[in-house]
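# Chain and residue survey
The residues making up each chain are set out below.
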Number of protein chains: 2
Amino acid sequence: MNDDLTARARIRDAAIKLFTERGIEGASIRDIATEAGVSSGLIRHHFGSKEALREACDNYARDRMFQLSRELIDEQGLENVSIATVQPVSFPLQTYLVRSMMDGSETAAALFQQTVEYGEEWAKTHGVVTDDFRAWSAVITVMKLGVFVLRDQLEQSLDIDISTADGYARLTRAFVDIFSQPLLTPEQAANLRKDPS
Amino acid sequence: MNDDLTARARIRDAAIKLFTERGIEGASIRDIATEAGVSSGLIRHHFGSKEALREACDNYARDRMFQLSRELIDEQGLENVSIATVQPVSFPLQTYLVRSMMDGSETAAALFQQTVEYGEEWAKTHGVVTDDFRAWSAVITVMKLGVFVLRDQLEQSLDIDISTADGYARLTRAFVDIFSQPLLTPEQAANLRKDPS
DNA sequence: GACTTGACTACACGGTCGTGTAGCTGTCTA
DNA sequence: TAGACAGCTACACGACCGTGTAGTCAAGTC
């Protein structure tokens, strides 16, 4: 159980794990303490309160994710990263952040807004056709995050583990199929734009 | 506060509202009772337990949603419904069901699997190009539901209320823009299919 | 008018929650 | 070697949770 990590790090990892699995309210301090192999008092000693523990997890997940994607850019160059945001290594962190956001995290909410703004600029400079770049990016972002929120359902439906290379590859291929062909004909699109019933 | 409804119906509506807003664990029997204007004991009298109340809400939301979409098909014909699944009137029910699914509802999970299967058949008969219809449908479904789960973030990002006609129309237009143009060139798609890094 | 029944309330129960507090360790330092 | 001080535990606290129980009240039945 990662005995080489400090107790503080083990608490943080256990909290991220249980917060992700059960939500913030669903995971108790005592459960997290047991998972980390420490007493519940130690959590209070290190983090002060449950809310402060959550914020520490938020900030850690955000910073670690930034660090990982920076490393990825250094390795692969900027252009391949947009799709590769969904990558196995940062998957647990992303999943945690989305869950935390749903449970009211301001850190995660700020990250969401930032992602939308980035996507908006990307769309403008990459030839996306729309007269509402903001809505385009927001909807794309929300759809992308849906994979994290509904990971359990997705895995059950496809009988895979997304965190494995095979599962992740299958997911990527589905994304590619979806985003490399239009689902609506120009006529259908024009009709829907006029009368969105 | 809908005084014309029976107490049982008011409890159910209040439960759906609070379960949606706070999650199943986050909404207490006492809160629901206060919201419905009854005593907490009455909830037990009518539904037996919190879990049974949740199942009653699940079944009600599912049946009501089916009923609404059947009415929509009768009005508009079958073909326009696939996109119109995202419609203002069934929005709260969908949002509730997705939230309940995330909190472990079997009824909602079954509905999800059913939706994936339906989407799979739709893709096969509507010229979608993929060699994995199942994954295609599952990912599309998950992305579609992302709108419900992350509704709060979406509304904050766009400064709209999705339940209004204007907000819903803006959302629909973004969907149309996204699904009427390919985001990847055939070359990019081929590359990603070979090496999903 | 006596009886039954279902809607409904008031209140008490054990359990779990986040938090508070007191005290025990080992290590470092003056 | 005495003292300071993190790291850490044990335990008690008030609050709130889902649930259980007893009882009130009005409407319907015979």
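Look above for the structure.
Residues numbered from 1 in each chain as written. Chains lettered and ligands numbered in written order. Predicted model: local features only at pLDDT ≥ 70, side-chain atom pairs only at ≥ 80, totals over all residues. Heavy atoms only, no water.

### Looking at the overall build of chain A
- Across its full length, chain A carries eleven helices and zero strands.
- Here chain A holds 197 residues, and the buried ones make up 49% of them.
- Of the contacts made within chain A by residues no fewer than 6 positions apart, 57% connect residues no fewer than 24 positions apart. (Helix = DSSP H or I, 4+ residues; strand = E, 2+ residues; numbered from the N terminus. Buried < 20%, exposed > 50% of the residue type's maximum accessible area, 1.4 Å probe, protein only. Contact = heavy atoms within 4.5 Å.)

### Remarks on unusual backbone geometry
- The backbone of aspartate 159 of chain A shows a phi angle near 55 degrees, a positive value even though the residue is not glycine.
- Classification of aspartate 159 of chain A as exposed rests on a relative accessible area of 71%.

### Comments concerning helix α10 (residues 165-179) of chain A
All names here are of chain A.
- Given a rise of 1.5 Å per residue, 15 residues ought to cover 21 Å, and the 21 Å separating the end C-alpha atoms of α10 matches this to within 8%.
- The buried fraction of α10 amounts to twelve of the 15 residues, a majority that puts the element mostly inside the structure.
- Within the span of α10, buried status applies to Gly167, Tyr168, Ala169, Arg170, Leu171, Thr172, Ala174, Phe175, Val176, Asp177, Ile178 and Phe179. (Expected span 1.5 Å × (residues − 1).)

### Observations regarding the packing of aromatic side chains
Residues and elements named next belong to chain B.
- Counting across every chain of the model gives five aromatic pairs over all chains.
- Here phenylalanine 91 and phenylalanine 148 contribute two aromatic rings whose centre-to-centre distance is 4.7 Å and whose plane-to-plane angle is 45 degrees, an arrangement assigned as tilted. Highlighted residues: phenylalanine 91 in helix α6 (residues 91-102) and phenylalanine 148 in helix α8 (residues 133-149), separated in sequence by 57 residues. Residues phenylalanine 91 and phenylalanine 148 agree in their burial class; the two are buried. (Phe/Tyr/Trp six-rings, centres within 6.5 Å; stacked < 30°, edge-to-face > 60°.)

### Quick notes on the protein's contact with DNA strand D
- Around DNA strand D, the surrounding shell holds 15 residues, and the nearest of these are Ser39 of chain A together with Ile29, Arg30, Arg44 and Lys50 of chain B.
- Residue isoleucine 29 of chain B places a main-chain N or O atom 3.0 Å away from a phosphate oxygen belonging to DNA strand D.
- Residue arginine 30 of chain B places a side-chain N or O atom 2.8 Å away from a base nitrogen belonging to DNA strand D.
- Per-element accounting of the surface near DNA strand D gives the leading share, four residues, to helix α3 (residues 40-47) of chain A.
- A breakdown of the residues in the surface near DNA strand D according to their chemical character gives five nonpolar, six polar and four charged. (Near = heavy atom within 4 Å. Polar contact = N/O pair within 3.5 Å; in protein donor to acceptor, adjacent residues only side chain to side chain. Nonpolar A, V, L, I, M, F, W, Y, C, P; charged D, E, K, R; others polar.)

### Some thoughts on the interface of chain B and chain A
- Taken residue by residue, the interface counts 58 residues in chain B and 58 residues in chain A.
- For the pairing of chain B and chain A, the buried interface totals around 5,600 Å² over both sides, and the portion due to carbon and sulfur atoms is 68%.
- On the chain B side of the contact with chain A, Met143, Leu150 and Leu183 of chain B bury the most area, a combined 11% of that side's loss.
- Linking chain B with chain A are two salt bridges, by the criterion used here.
- Ionic pairing is found between arginine 170 of chain B and aspartate 132 of chain A, a salt bridge with its closest N-O pair at 2.6 Å.
- The residue inventory of the side of chain B that touches chain A, partitioned by class, reads 37 nonpolar, twelve polar and nine charged. (Buried area = accessible area lost by both parts, 1.4 Å probe. Salt bridge = Lys/Arg side-chain N within 4 Å of Asp/Glu carboxyl O.)

### Looking at the relation of the copies chain B and chain A
- Aligned on chain A, chain B shows an RMSD of 0.0 Å; the corresponding rotation is 180 degrees and the shift along the axis is 0.0 Å. Each copy turns onto its partner about a two-fold axis. (Least-squares fit on C-alpha atoms with pLDDT ≥ 70 in both.)

### Overview of the packing of α6 of chain B against α8 of chain B
All names here are of chain B.
- Put simply, α6 and α8 touch, their axes get as near as 9 Å, and they point 105 degrees apart. What the angle tells us is that α6 and α8 run roughly perpendicular. Contacts from Phe91, Gln94, Thr95, Val98, Met101 and Met102 in α6 reach Leu145, Val147, Phe148 and Val149 in α8. (Axes fitted to C-alpha atoms, helices over the stretch in contact; angles between N-to-C directions. Parallel < 35°, antiparallel > 145°, perpendicular 65-115°, else oblique.)

### Describing the protein's contact with DNA strand C
- Surrounding DNA strand C, one finds 15 residues, the nearest of these being Ile29, Arg30, Arg44 and Lys50 of chain A together with Ser39 of chain B.
- At a separation of 2.9 Å, a phosphate oxygen of DNA strand C approaches a polar backbone atom of isoleucine 29 of chain A.
- With respect to DNA strand C, the side chain of histidine 46 of chain B contributes an N or O atom lying 3.1 Å from a phosphate oxygen.
- Elements represented by at least two residues in the surface near DNA strand C include exactly α2 (29-36) of chain A together with α3 (40-47) of chain B.
- Among the elements that take part in the surface near DNA strand C, α3 of chain B stands out by supplying four residues, more than any other.
- Split by residue class, the surface near DNA strand C holds five nonpolar, six polar and four charged.

Honestly, it's all geometry; don't read function into it.
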